[in-house]
Amino acid sequence: MEPAKEYTAFIGDRVVAVGNLEEMLPKLKARFDHDRGTPFIIFDDETGAQTDFDLRGSLPEILAAANRIPSPKGPGRPKLGVTSREITLLPRHWDWLEQQPNGASAAVRRLIDEERKRAPAKARRQRATHATGRFLSAMAGNRPGYEEASRFLYRGDQKSFTESISAWPKDVRGYALRLSKDAF
């Protein structure tokens, strides 16, 4: 079983809630109920992408909606979260796949899992770099030193990256450093 997704919520430059949905959403719901005009920015800690949750309704309704997995449309096994997609292979690839035990789909999944295990450090570094880049673009795109910080991030220069964001607000800087931990 995969660990629960983690999120970080900001109001302005301040972190106001951190954790999985069950930890974070009650804090945000309380803030939202106190002042519905408060603008939140919520980030997925794995991808650095902004995400939204509808905070209207009761907390159990909000948690149920947030935990609901959207049903994929089209062929596949939607109840298992499996979506069928098309890939293009040459005839020799199809011939090889047809000879594999448990079918072509199982063979492709095995190959992908083996590759993910074989190069985890590189993949982890790439995910952390892209997640940090998304966050920087959203929260620091207009800050002094943003362009330099981005260049240092994608170049893999941790020392210069850290120095270039040193004047940023504490929570923005801290989250950028946390996201970028595996990028260097």
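Residues numbered from 1 in each chain as written. Predicted model: local features only at pLDDT ≥ 70, side-chain atom pairs only at ≥ 80, totals over all residues. Heavy atoms only, no water.

1. Here we look at a positive patch on the surface
On the surface, R116, K122, R124, R125 and R127 cluster together into a positively charged patch. Relative to the elements of secondary structure, R125 occurs in helix α5 (residues 120-140). Overall, the relative accessible area of 38% leaves R125 in the partly exposed class. (Patch = residues over 30% accessible without salt bridge, like charges linked within 9 Å, V, L, I, M, F, W, Y side chains within 5 Å. Areas by Shrake-Rupley, 256 points an atom, 1.4 Å probe, with all protein chains shown as cover. Salt bridge = Lys/Arg side-chain N within 4 Å of Asp/Glu carboxyl O. Lys, Arg positive; Asp, Glu negative; His and termini not counted. Charge placed at Lys NZ, Arg CZ, Asp CG, Glu CD. Helix = DSSP H or I, 4+ residues; strand = E, 2+ residues; numbered from the N terminus. Buried < 20%, exposed > 50% of the residue type's maximum accessible area, 1.4 Å probe, protein only.)

2. Quick look at the confidence of the model for the protein chain
Do not read the predicted coordinates in detail wherever pLDDT is low. Of the residues in the protein chain, 92% have a pLDDT of 70 or more, and the chain-wide mean is 89. When pLDDT is averaged over each helix and strand of the protein chain, the minimum, 64, is found for strand β5 (residues 76-77) and the maximum, 98, for helix α8 (residues 170-179). (pLDDT = per-residue confidence, 0-100.)

3. Points about the packing of α5 against α8
Packing of α5 against α8 leaves a shortest axis separation of 8 Å and a crossing angle of 160°. As judged from the angle between their axes, α5 and α8 are roughly antiparallel. Crossing of α5 over α8 shows right-handed handedness. Contacts between α5 and α8 pair A128, A131, T132, F135, L136 and M139 from the former with V172, Y175, A176 and L179 from the latter. Residue composition of the contact of α5 with α8, grouped by class: nine nonpolar, one polar and no charged. (Axes fitted to C-alpha atoms, helices over the stretch in contact; angles between N-to-C directions. Parallel < 35°, antiparallel > 145°, perpendicular 65-115°, else oblique. Left-handed = near helix turned anticlockwise from the far one by under 90°. Contact = heavy atoms within 4.5 Å. Nonpolar A, V, L, I, M, F, W, Y, C, P; charged D, E, K, R; others polar.)

4. Concerning helix α1 (residues 21-34)
With 14 residues, α1 extends 19 Å between its outermost C-alpha atoms, agreeing within 8% with the 20 Å of an ideal straight helix rising 1.5 Å per residue. Burial in α1 covers these residues: L21, M24, L25, L28, K29 and F32. All buried residues of α1 lie within an arc of 130° about the axis, which places them on one face of the element. Summarising the contacts, the buried residues of α1 are in contact with β1 (7-11), β2 (14-19), β3 (41-44) and α2 (59-67). Where α1 begins, the capping side chain belongs to N20, and its oxygen is found 3.0 Å from the backbone nitrogen of E22. (Expected span 1.5 Å × (residues − 1). Arc of directions from axis to C-beta. Polar contact = N/O pair within 3.5 Å; in protein donor to acceptor, adjacent residues only side chain to side chain.)

5. Things to note about the environment of S166
By the secondary structure assignment, S166 is in the loop between α7 (158-164) and α8. Take S166: its relative accessible area is 46%, and that puts it in the partly exposed class. In this structure the C-alpha to C-alpha distance between S166 and G145, which are 21 residues apart in sequence, comes to 9.3 Å. Separated by 2.9 Å, the side chain of S166 and the backbone oxygen of E163 make a polar contact.

6. Some remarks on the nonpolar core
Within the largest apolar cluster, 19 residues are counted, with the highest numbers of intra-cluster contacts made by F10, F135, L136, F161 and W168. A total of five residues in this core trace back to one element, the largest contributor, which is α5. What F135 contacts, discounting residues up to four positions off in sequence, is F10, F43, G48, A140, V172, Y175, A176 and L179. By size, the runner-up hydrophobic cluster in this structure holds 15 residues, among which are A9, A17, L21 and L25. (Core = buried A, V, L, I, M, F, W, Y, C linked by side-chain atoms within 4.5 Å.)

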